[in-house]
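# Understanding the architecture of this molecule
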Amino acid sequence: DAGVIQSPRHEVTEMGQEVTLRCKPISGHDYLFWYRQTMMRGLELLIYFNNNVPIDDSGMPEDRFSAKMPNASFSTLKIQPSEPRDSAVYFCASSLARYRETQYFGPGTRLLVL
Amino acid sequence: AQKVTQAQTEISVVEKEDVTLDCVYETRDTTYYLFWYKQPPSGELVFLIRRNSFDEQNEISGRYSWNFQKSTSSFNFTITASQVVDSAVYFCALSERGYSTLTFGKGTMLLVSP
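Below is a short write-up of the structure. (Residues numbered from 1 in each chain as written. Chains lettered and ligands numbered in written order. Predicted model: local features only at pLDDT ≥ 70, side-chain atom pairs only at ≥ 80, totals over all residues. Heavy atoms only, no water.)

### Some thoughts on the sheet that holds strand E7 (residues 65-71) of chain A
Residues and elements named next belong to chain A. Worth spelling out the cut-off: Strands were regarded as paired on the criterion that DSSP finds at least two bridges between them. Helix and strand definitions follow DSSP, with helices as H or I runs of at least four residues and strands as E runs of at least two, each counted in order from the N terminus. Angular values range over 0 to 180 degrees, each being the angle between N-to-C directions of two axes fitted as lines to C-alpha atoms, with helices fitted over their stretch in contact.
As summarised here, the arrangement of the four strands in space is E1-E3-E8-E7, forming an open sheet in which the pairing is antiparallel. Of all strands in the sheet, those bounded by a partner on one side alone are strand E1 (5-7) and E7. Taking each pair of neighbouring strands and ignoring which way they run, the sheet shows an average axis angle of 15°. With five bridges joining them, E7 and strand E8 (residues 74-79) adopt antiparallel strand pairing. Counterpart to Ser66 in the pairing with E8 is Lys78.

Here it is, written out as structure tokens:
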């Protein structure tokens, strides 16, 4: 089975522009997680979904960030408007269960906001 | 609160040396899971191992071995006869019932030189 798929792999944009990151989880996985990785803060959980429903979005930094999961095979993370401090690597991960099972990560999207 | 400490920020070894990466965790739960992930220079996060709190048997997989000791709350990772391809950042992570998702350590950067 294919792993977690993320697109784009790299994104360079200018401050103020809208950015949309996409994720396709592993088929059959009920949980989907969005993380952000920076040098300063390490890996941070932004939001996670269970069966397409957002369960915990307490890690979303501010209202400029939004995430959706319209169906079991697709999720988006949107930043509008983007700011230079949003530059980071954004990872999507999926798992069969919340805490017992392994989270498998996608390759990440490297975002640079100029 | 759950916490993962990887005290070694960076380790440098010469190829064929053995190296141990330390991981110490804190949790109030009796049921929890521990993980190790590898992040090579290419950036993806690769799952290496999962261990539950009731299984203290050490695990060996090729040149990799893991030592889980509940008495010291440690889950250390040893690479035997290190190779240049082992150069990466290694993350230890903890998951328990009462929390949304994984808690990651800060990571240990391993540099293996020829």
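### Quick look at the pairing of strand E9 (residues 74-79) of chain B
All names here are of chain B. Heads up, the condition is: Type-normalised accessible area, obtained with a 1.4 Å probe on protein chains alone, sets the label of each residue: buried when under 20%, exposed when over 50%, and partly exposed for intermediate values.
Among the six residues in E9, six count as buried, and that is most of the element. Where burial is concerned, the two faces of E9 agree: the one with Ser74, Asn76 and Thr78 and the one with Phe75, Phe77 and Ile79 are both buried. The sheet contact formed by strand E3 (residues 19-21) and E9 spans three bridges and is antiparallel. Across the sheet, the residue bridging to Val19 is Ile79, located in E9. Alignment of strand E8 (residues 64-69) against E9, held across six bridges, turns out to be antiparallel. By the bridge assignment, Trp66 is partnered in E9 with Phe77. Where E8 folds back onto E9 in an antiparallel hairpin, the turn is made up of four residues, including Ser73, whose phi is positive at roughly 50°.

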